Structure formats: structure tokens, C-alpha cells
2 protein chains.
Amino acid sequence: MKYELSACRVEDALGILVGKWKPIILLHLLNHGTQRFNQLRRSMPGITQKMLTKQLRELETEDIVERVVYAEIPPKVEYSITEYGRSLQPILEAMHEWGVKHTVHKQTK
Amino acid sequence: MKYELSACRVEDALGILVGKWKPIILLHLLNHGTQRFNQLRRSMPGITQKMLTKQLRELETEDIVERVVYAEIPPKVEYSITEYGRSLQPILEAMHEWGVKHTVHKQTK
DNA sequence: CTCTACAGTATCCTTTTAGATACTATATTA
DNA sequence: TAATATAGTATCTAAAAGGATACTGTAGAG
């Protein structure tokens, strides 16, 4: 295998992707493009406002998600995935593919 | 994008891979094949015995890792990755690739 | 007879993550 | 004049993850 000494690199990606809601947020932004705060919230039943804010802030800090605030009332804030964030797509896809097989595995064993 | 309604599948993979030591354990088993308990332990400075045991038990429960006990004294226990566990390799690879780019990104931005 | 290697358990403690709930400000709508 | 939508904060609590430390049993080596 080609990696070996740089095995720890895997954890960088993991560190960004873990969080109960992060992959869901990213998939939403990938699939639906720019979204407002409450738009995201409504598409994730079960998430609290605090959690959504927190996860988005973390993704923003990592430069995965961009946050644009409009000086309007009522407030308008738009979230979108960055080019850099888009680079995570292959990982999400690999996990998705695996997830589908995994379901099958559980059923047939 | 091809997934959409089945977005949650991504979390199945994530659920198996998260844990401070799991990806490291899996990479070791992928790179070095069957390993004894203390062999793994020595290759992961910083992990405690309890943690290694715990992570291995969880991976065993998920059928990602196989545990073989030899009735010898001193004890001998061998761990290896299962065929099913090997199916995670594309994910680990995708994360590794990303991790390398990520490092570059951090440096150049 | 004591020491070491092996593969663990058991117990306690700290940190991190997640969740519940209540609160804020303001323009627009009815 | 009161309710609504928006995008949050603040505070408290519960649960999960991670870590430190001490302990176990037994064959073989010295």
C-alpha cells in the first residue's frame, strides 16, 4: 500500500467529518447548493438550533463552508460549500457506497 | 449526485471509523497483516491497554477485525482484518489522499 | 525463588459531545 | 397592537469518549 508513515493523515479528514450532523450538512449543501439557516434546519429533523449553529461554525472555521450575512431584517444568512469543502466529496461518496453495501452485509450474514 | 434520499448511509461508515484509534489500527492491520496484541500496542505509542482492547472489541463486534485466541501461556491473541473490513479500504484511501492535500492547503492559504 | 512477557480487567476521573430549554432583536404582516 | 419569521445566544444537564493507574494468572528463564 502506498501510505505507511503518513498514516496519520487519515485522521485529519476524520476530524473534520465527525460530528453527528456534519456529513448531513455537507451532503445537503452539495446537493442543494446555497442554503439559508432555517432551510438547513428544516431539512434535518431532530437537530437543534444550537447544534446546527455549532456544526456550521466549525465547518466555517475549517474553511469547508462559507457563511454570508446580509444586513437585513429579519436576518438572512446563507451557507454554501467552499471549493475546498468540495474536495471532501470523494470521501463522502466512498462512505456512501460502503454504507449501501454495509446494509446488505448486515442483512445477509 | 446519485445519492440523495439515502444520504444517511454515510453515517454507517462514519460510525465504524470514528474513535481516536480505529483508523490507525485498521491501517496497521492492512499494512502489516495479522498482528498480536502487544505488537499493535507497541506500534501505537500513546494508546493504553484499555483503549486498544476496547477499540479492538468494537471492531470485532462489527466484524471488521477477527480475533483468534491460542490456548497457550503466556497468552497469544492474533488480530487480523476481515474480508469485510477490507472493504473499508477505499474510504481510508480517500481520507488519506485528502489528508495529504489538506496539509498542503493549510500551508498555502 | 524471583522476574519477565503476555493479554487482558477493574476502578476512578476528566473531557468532549450532544441535547433541552429559554431568551434576544426587529421589520413586516394581519 | 399582537403575532410571526429570522438567526441566533445562554445556561444547564446527561451521556459518551478517553485516559491514568493498579491489578490478575501462569509458564518459562535465570
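Below or above, wherever it landed, is the structure these notes cover. (Residues numbered from 1 in each chain as written. Chains lettered and ligands numbered in written order. Predicted model: local features only at pLDDT ≥ 70, side-chain atom pairs only at ≥ 80, totals over all residues. Heavy atoms only, no water.)

## Here we look at the sheet that holds strand β2 (residues 65-70) of chain B
Pairing between sheet strands relies on hydrogen bonds along the backbone, with the strands arranged either parallel or antiparallel.
Residues and elements named next belong to chain B.
Thought 1: With antiparallel pairing, three strands are arranged side by side in an open sheet as β1-β3-β2. The open sheet is flanked by β1 (35-36) and β2, the only strands paired with a single partner.
Thought 2: Direction of pairing for β2 relative to strand β3 (residues 76-81): antiparallel, over a ladder of six bridges. Bridge pairing links R67 to Y79 in β3.
Thought 3: With respect to the sheet, helix α2 (residues 22-32) is in contact with β1, β2 and β3, its orientation differing from that of β3 by roughly 90°. (Pairing = 2+ DSSP bridges. Helix = DSSP H or I, 4+ residues; strand = E, 2+ residues; numbered from the N terminus. Contact = heavy atoms within 4.5 Å. Axes fitted to C-alpha atoms, helices over the stretch in contact; angles between N-to-C directions.)

## Some thoughts on the sheet that holds strand β3 (residues 76-81) of chain A
All names here are of chain A.
Thought 1: Overall, antiparallel pairing links the three strands, which are arranged β1-β3-β2 in an open sheet. The open sheet has two free edges, formed respectively by β1 (35-36) and β2 (65-70), since each of these has just one partner strand.
Thought 2: Bridge analysis of β1 against β3 gives two bridges, and the strand direction is antiparallel. Considered in β3, the bridge of Q35 is made with Y79.
Thought 3: Sheet strands in contact with helix α4 (residues 49-61) are β2 and β3, and its direction is about 110° off that of β2.

## Observations regarding the protein's contact with DNA strand C
Thought 1: Near DNA strand C there are 22 residues, and of these A:K20, A:K50, B:Q49, B:R67 and B:Y79 occur at the shortest range.
Thought 2: When the atoms of DNA strand C within 4 Å of the protein are sorted by group, sugar and phosphate make up 69%.
Thought 3: Measuring from a phosphate oxygen of DNA strand C, one finds a side-chain N or O atom of B:R42 at 3.3 Å.
Thought 4: Taking B:R57, its side chain carries an N or O atom lying 3.2 Å from a phosphate oxygen of DNA strand C.
Thought 5: For the surface near DNA strand C, the secondary-structure elements that each account for two or more residues are α4 of chain A together with α3 (37-42), α4 (49-61) and β3 of chain B. (Near = heavy atom within 4 Å. Polar contact = N/O pair within 3.5 Å; in protein donor to acceptor, adjacent residues only side chain to side chain.)

## Some details on the protein's contact with DNA strand D
Thought 1: If you check the shell around DNA strand D, you find 23 residues, and the closest are A:Q49, A:R67, A:Y79, B:K20 and B:K50.
Thought 2: A share of 67% is what sugar and phosphate atoms reach among the atoms of DNA strand D within 4 Å of the protein.
Thought 3: Within the backbone of A:P75, an N or O atom sits 2.8 Å from a sugar or linking oxygen of DNA strand D.
Thought 4: Those elements giving two or more residues to the surface near DNA strand D turn out to be α3 (37-42), α4 and β3 of chain A together with α4 of chain B.
Thought 5: Top element by residues in the surface near DNA strand D is α4(A). It accounts for four residues.
Thought 6: Taken together, the residues that form the surface near DNA strand D break down as nine nonpolar, six polar and eight charged. (Nonpolar A, V, L, I, M, F, W, Y, C, P; charged D, E, K, R; others polar.)

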